[in-house]
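# Topology and contacts: notes
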Amino acid sequence: MDYYGLMLDFFRPPSFTTGSRSQREGVLALGAANTLLGWLLAAGLLSACASAPTAQQPGATGSPLQASPPATQAEAEAEAEAKASPPAEAAQAAHYFDAPQFYSVLLAELLAESEDARNATALMLDAARQMHSEPLYRRATDIALQARAGAMALQAAQAWQQAFPQSRSANRYELQILLMLNRVQESAEPLSRELATSPPNARTALYLGIAQLYRRVSDKALAAQVVEQALQADLTDPETAPAAWAMLGHMRLAAEQPSLALEAALQSQRLNPNNGAAALLALELLEGGEYRAESLVQGYLQRNPTATIRLAYARVLMNRQRLTQALSELQATIAQAPELPDAWLALASVQAQLGQLEQAEQSLQGLLPLLPNIADAGQQQATNHQASLLGARIALQTQQNARAAYWLQRLPEDASDLAIQSLRATVLVRQDQLTQAQALLNAVPVRTTTQAVRKRQARVQLWREAGDFGQAYALQKALQEDYPEDADISYDAALLAEQVGELEDMEHLLRAVIAQQPDYYHAYNALGYSLADRGERLDEARQLIEKALTFAPDDAYITDSLGWLEYRQGNLALALTLLERAYGIREDVEIAAHLGEVLWAAGQQERARRIWQQAQQRGAANPVLQETLRRLKVQP
């Protein structure tokens, strides 16, 4: 709420529900009078001393009210405009109310208190016109806005702007109200006025404000068109053009015009190759799948290896599952700016996803000394929370239960945090305390449907950890039947169905996921791999896996599936190439098991043993690795 709104709340009487009608009206009038007095004094329209002269004499000292700082940014702008106005206008703006004028304004406030916004606004506007008072125009506009009477607010703001054509406050009110009313086309004129009155050194901040203003309008394509029209002079001025083009590109992207947004990014960078705004626009385009923008980001980083832009680029790569490239960018970021906690956390996350668990643990250790340097306490707590959860998961994955307990001790004893309690329950299961682990999860409260689903999923994972896949499948299947539209739940049910030998159910579930969500590439891969691993319907398996690759060409697991299929079909050389590539992307235990077997078949037994030994260090209990070594009768 703005300053005047706070004043209204402060002076509003506590209740109008008791007493006689005359008493209630008296209280109402008193509240309005106090409100009026408060904001008149704040606006400088009423003297604190009845005997004060009608105009400040040259050389006289100002009143305490005049020396007080403005209460809001709007007040500051109004004060600056008053100082810049001619002396005659300033004297006119500061003249005192006569009795009829005071009565009109008091009545307007009285009507505003009684929620008669229409008449209150009309009376206040009439007083503003009679006195040629900018604060009264502002007050009339505020009354209408507080009553959510958009049309009246616009009428008042436009009257204000016409009376004071040089007032930036009036112009901004008009612009914002037009956009609130979704009258985008009409906003061109006040936007052009705002740009014309803004000094060049403030344009970059103004562009950011414009983008925010138009963010909520419904017709974003029209918004981009209107802004482009208003920006014509800025788009050709060498000083302002790079930032102006970048802002316009963001608006085009919001309007779902990626090609036009890319043109804006290219134009922005052409005018200023060291323009960070163009690089950020290119990153947003890349995140949305516009790969042509990536060269702009890379070119900028070659010329300006800015750590913050590189970190943002790495995050985009992470979101696109281009983990190997993200790893390279994060390592470069830390080499350049080792003081960035976010970079260390992101690096640890990527390393963990790539199966580089020892390196991920080391990155977390690099992060810990930096936590006290995070000034914001909430952000510091959130970073520690994410790091500790990741550290606990890494430790559990590498069967280091004591290390997992260390990371969990860094987290608060919050019985309502399911993520924390699930990890603690896993540690208990590994200590053969299944009953205690179940009790821990059962005690976690749930308040929403989402929380209830996550709790049921945690119970499934607990039985998985305990090695009882039958019970895990039964729980997951029940969950899937309750939420058949959730692709993730159906996918997890399919994987458990395969583990317990329910292959028909597995295929039915995966095909349902594909029909429901055709871009859910994990389902294509899972079904294709299952067929390939069993040596069944290999042509169909190839179609499924290759379909999955069209969605995620750099996915290590899908590449592993295709390599395993080639091995099943006897294409040893191609299988080895694909599996080497998959293992290079992610040093996963199951990929290591497949690569080792192909190397073994290719006569490279020593290298196969080394890869299996590394895999055992990361996950000796992995069933695929155990089955491979048992079948080949190998002891690495």
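Refer to the structure printed above.
Cut-offs used in this document
- Residues numbered from 1 in each chain as written.
- Predicted model: local features only at pLDDT ≥ 70, side-chain atom pairs only at ≥ 80, totals over all residues.
- Heavy atoms only, no water.
- Helix = DSSP H or I, 4+ residues; strand = E, 2+ residues; numbered from the N terminus.
- Buried < 20%, exposed > 50% of the residue type's maximum accessible area, 1.4 Å probe, protein only.
- Contact = heavy atoms within 4.5 Å.
- Areas by Shrake-Rupley, 256 points an atom, 1.4 Å probe, with all protein chains shown as cover.
- Polar contact = N/O pair within 3.5 Å; in protein donor to acceptor, adjacent residues only side chain to side chain.
- Axes fitted to C-alpha atoms, helices over the stretch in contact; angles between N-to-C directions.
- Parallel < 35°, antiparallel > 145°, perpendicular 65-115°, else oblique.
- Left-handed = near helix turned anticlockwise from the far one by under 90°.
- Nonpolar A, V, L, I, M, F, W, Y, C, P; charged D, E, K, R; others polar.
- Expected span 1.5 Å × (residues − 1).

## Observations concerning the overall build of the chain
Looking only at helices and strands, the chain has 37 helices and zero strands in total. Sorting the 636 residues of the chain into buried and exposed places 45% on the buried side. The contacts in the chain between residues at least 6 apart in sequence include a share of 55% that link residues at least 24 apart. Counting only carbon and sulfur atoms, one obtains 52% of the accessible surface of the chain, whose full area is about 31200 Å².

## Quick word on the side chain of Gln421
Within the secondary structure, Gln421 is located in helix α25 (residues 418-430). Its relative accessible area of 5% is what places Gln421 among the buried residues. Of note is the side chain of Gln421, whose polar atom sits 3.1 Å from the side chain of Arg424. Every residue in contact with Gln421, bar those within four places of it in the chain, is listed here: Asp414, Ala415, Leu440, Leu441 and Val444.

## Looking at the packing of helix α7 (residues 117-131) against helix α9 (residues 150-163)
Two elements in contact, α7 and α9, have axes separated by 11 Å at closest approach and are oriented at 5 degrees. Of the possible angle classes, the one that applies to α7 and α9 is roughly parallel. Here Ala117, Arg118, Thr121, Leu125 and Arg129 of α7 come into contact with α9, specifically with Met152, Ala156 and Ala159.

## Notes on the side chain of Gln476
By the secondary structure assignment, Gln476 is in helix α28 (residues 469-482). The exposure class assigned to Gln476 is buried, which follows from its relative accessible area of 3%. Setting aside anything within four residues of it in sequence, one finds Gln476 in contact with Val460, Ile489, Asp492, Ala493 and Leu496.

## Quick look at the environment of Gly528
Its location among the elements puts Gly528 in helix α31 (residues 521-534). A C-alpha to C-alpha distance of 8.8 Å links Gly528 and Leu565, two positions 37 residues apart in sequence. Sequence-distant contacts of Gly528, that is, excluding residues within four places in its chain, are made with Ala541, Leu544 and Ile545.

## Looking at unusual backbone geometry
A positive phi is found at Gln399, a non-glycine position, where the angle reads about 60 degrees. Mapped onto the fold, Gln399 is located in the loop between α23 (377-397) and α24 (401-409). Classification of Gln399 by relative accessible area gives partly exposed; the value is 45%. Unusually for a residue other than glycine, Lys633 sits at a positive phi of about 55 degrees. Secondary-structure assignment places Lys633 in the segment after α37 (623-632). Classification of Lys633 as exposed rests on a relative accessible area of 78%.

## A word on the packing of helix α19 (residues 307-319) against helix α20 (residues 323-336)
Geometrically, a packed helix pair is captured by the angle between its two axes and the distance between the axes. Across the interface, α19 lies against α20 with an axial gap of 8 Å and an inter-helix angle of 160 degrees. When the interaxial angle is binned, α19 and α20 end up roughly antiparallel. Once α19 is placed against α20, the crossing between them reads as left-handed. Of α20, the residues touching α19 (which contributes Ala307, Arg310, Leu311, Tyr313, Ala314, Leu317 and Met318) are Leu323, Gln325, Ala326, Glu329, Leu330, Ala332, Thr333 and Gln336. Its residues placed into classes, the contact of α19 with α20 shows 10 nonpolar, three polar and two charged.

## Some points on α23
For α23, with 21 residues, the first-to-last C-alpha span of 30 Å sits near the 30 Å given by 1.5 Å per residue. For α23, the complete set of buried residues consists of Thr383, Asn384, Ala387, Ser388, Leu389, Leu390, Gly391, Ala392, Ile394, Ala395 and Leu396. Buried residues along α23 sit against α21 (341-353), α22 (357-367), α24 and α25. Measuring from the backbone nitrogen of Gly378 back to the side-chain oxygen at the start of α23 gives 3.1 Å, which picks out Asp376 as the cap. Just downstream of α23, Gln399 is the residue with a positive phi angle, here 60 degrees.

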